[in-house]
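Listed below, chain by chain, are the residues.
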Amino acid sequence: MAFRPSVFIFDEPTANLDPVGTLEFFKTVESLKKTDEHTIIIIEHKLDELIHLVDRVIVMGKEGVKLLEGTPYEVFGENSDLLIKNGIWIPQTALLAHKLVQNNIKLNNIPLSIDEAYNSFKKFKPLGNGLKRENCTELTHHSSPVLDIRDLSFAYDDKEVLKNLSLKVHKGDFLAIIGANGAGKTTLAKNIVNIIHPPSGKVFVEGKDVLKIPTEELCHKVGYVFQNPEHQFIKNTVEEQLTFGLQSRGFPSEKIVNWLDSTLEKFKIKQYAKSSPYMLSHGQKRLLSVATMLTLGQDILILDEPTFGQDLKSSNELLTFLKTLNELGKTIIIITHDMNIVAKHAQNVLVMAEGEAIFNGSTHKLFKNNSILKKARLTIPPLLQLSVNLSQYYEGWNGMATVEEYVNALKPLKQN
Ligand code: ADP
């Protein structure tokens, strides 16, 4: 901004920002727009808090082809089918409306913002139960934790980054670690996998001090997907990158070839098999880094911002895949800024602020705790905000945070 250009192009400017940072950035864009002196072009996946500022949308399809162009309403309101089919993000309220229409619930228009959705939905009284978070019982664990962090403090030189942090994670948990930029989330993950060394007697994996577990053994117990996928690339081609883990475990070559084929297919990177991992787009690099990590079959997976830069389809596929692994008993820990993912997938959350664990508990309790949310620069997901607004009108709306919960609550309407 210091150069005062007449045209700004922002390429996924909020990708690594915490939720409040994202809102602050969009406010800056709003004030730029108000001056009427700039042309602003934003390449963005997160549309919910941005769409009200946008005059015109261009949707890029595969291989550089323009799929759609028009006003936000023409694109997201009239073409939600096409966009969803092509795996492209649309505002959460439009996604919800799309699903309701599929369930024969009539709406006058496709809302693109929480305010518009509020106006369309307030005529309804939800009859179903949704999936009321309050009804979810918290799990009590009797087994010993697979990951036990006891009063961990850590400093880079003299800068203290983790402060007396304790955490227990049990087999089969799906935990989200969230908090402001710089809160210490990545540093915590790196301590767990011993990339940076914790003090002794502080981090235990399956009951053993992580410092005493040989590196190779630890790599087979805990998988870590780095925040920056490039940090994981150690081979010259995508194919080599994907197979070295299986080769090092002595898998027969026939099995490796089959696995490679299905993985290249599944992650849609087949045509890049012989290319350098660095030639992939950011989203594809992310998928490759996840796929590479999965080859070792670890029981605990830690993923630092796994869906950052992904389109809707890849993000959904990745999360469905993680959920399947979780149902098979794998322990999943994700670091994320995406509150929709937290609402939909995480049973528990660890909230960090300035190196401390300021909340550790169920997701639905967190979303009711405004002081923790504020302290950690978090927001509640857009659909939960909609349900809070609607509940002032009719109490039965309270507590819904995902499309599925709304659909379940509203489905019985069509019988009435
Ligand atoms: P988060 O993942 O929550 O954004 P990080 O763990 O990356 O936070 O960083 C926590 C703090 O530690 C930040 O203030 C960051 O600047 C600092 N930090 C991270 N890595 C290093 C490093 N290698 N050397 C010195 N300081 C670091």
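In what follows, the structure referred to is the one given above.
Residues numbered from 1 in each chain as written. Predicted model: local features only at pLDDT ≥ 70, side-chain atom pairs only at ≥ 80, totals over all residues. Heavy atoms only, no water.

Q: Any chance you could explain the sheet that holds strand 8 (residues 203-205) here in plain terms?
A: Strand pairing in a sheet takes place through backbone hydrogen bonds and is either antiparallel or parallel in direction. Strand order in the open sheet made by the four strands is 6-5-8-9, with antiparallel pairing throughout. Each edge of the open sheet carries a strand with a single partner, namely strand 6 (159-169) and strand 9 (208-209). Two strands pair when backbone bridges link them, and strand 5 (residues 147-156) and strand 8 are joined in this way by three bridges, in the antiparallel orientation. Within strand 8, the position partnered with Asp148 by the bridge is Phe204. Along the sheet face, helix 6 (residues 185-192) touches strand 5, strand 6 and strand 8 and points at about 120° away from the line of strand 5. (Pairing = 2+ DSSP bridges. Helix = DSSP H or I, 4+ residues; strand = E, 2+ residues; numbered from the N terminus. Contact = heavy atoms within 4.5 Å. Axes fitted to C-alpha atoms, helices over the stretch in contact; angles between N-to-C directions.)

Q: Can you walk me through the pattern of salt bridges in this structure?
A: Should their charged atoms come close, side chains of opposite charge can pair. A full pass over the atoms with the stated rule returns 18 salt bridges. For Glu265, the salt bridge identified is with Lys270, shortest N-O distance 3.2 Å. Taking the shortest distance from any N to any O, the salt bridge between Lys268 and Glu317 comes out at 3.3 Å. Of this pair, Lys268 sits in the loop between helix 9 (253-266) and helix 10 (282-294) while Glu317 sits in helix 11 (residues 312-327); the two residues are 49 residues apart in sequence, bridging distant segments of the chain. Taking the relative accessible area as the measure of exposure, Lys268 reaches 44% and is therefore partly exposed. Take Glu317: its relative accessible area is 35%, and that puts it in the partly exposed class. (Salt bridge = Lys/Arg side-chain N within 4 Å of Asp/Glu carboxyl O. Buried < 20%, exposed > 50% of the residue type's maximum accessible area, 1.4 Å probe, protein only.)

Q: Which parts of the structure should I look at to understand the packing of aromatic side chains?
A: Each aromatic ring pair is summarised here by two numbers: the centre-to-centre distance and the angle between the ring planes. Summed over all chains, the structure comprises ten aromatic pairs. Centre to centre, the rings of Phe154 and Tyr156 are 5.2 Å apart; their planes meet at 85°, and the pair counts as edge-to-face. Among the residues examined, Tyr156 registers a relative accessible area of 35% and is labelled partly exposed. Plain terms: the ring middles of Trp397 and Tyr406 are 5.9 Å apart, the flat faces sit at 40° to each other, and that makes the pair tilted. An identical accessibility class is assigned to Trp397 and Tyr406; each is buried. By way of ring pairs, the aromatic residues Phe8, Phe10, Phe25 and Phe26 are connected into one cluster. Positioned over the ring face of Phe204 is Arg150, at 3.9 Å from the centre of the ring. (Phe/Tyr/Trp six-rings, centres within 6.5 Å; stacked < 30°, edge-to-face > 60°. Lys NZ or Arg CZ within 6 Å of the ring centre and 35° of its normal.)

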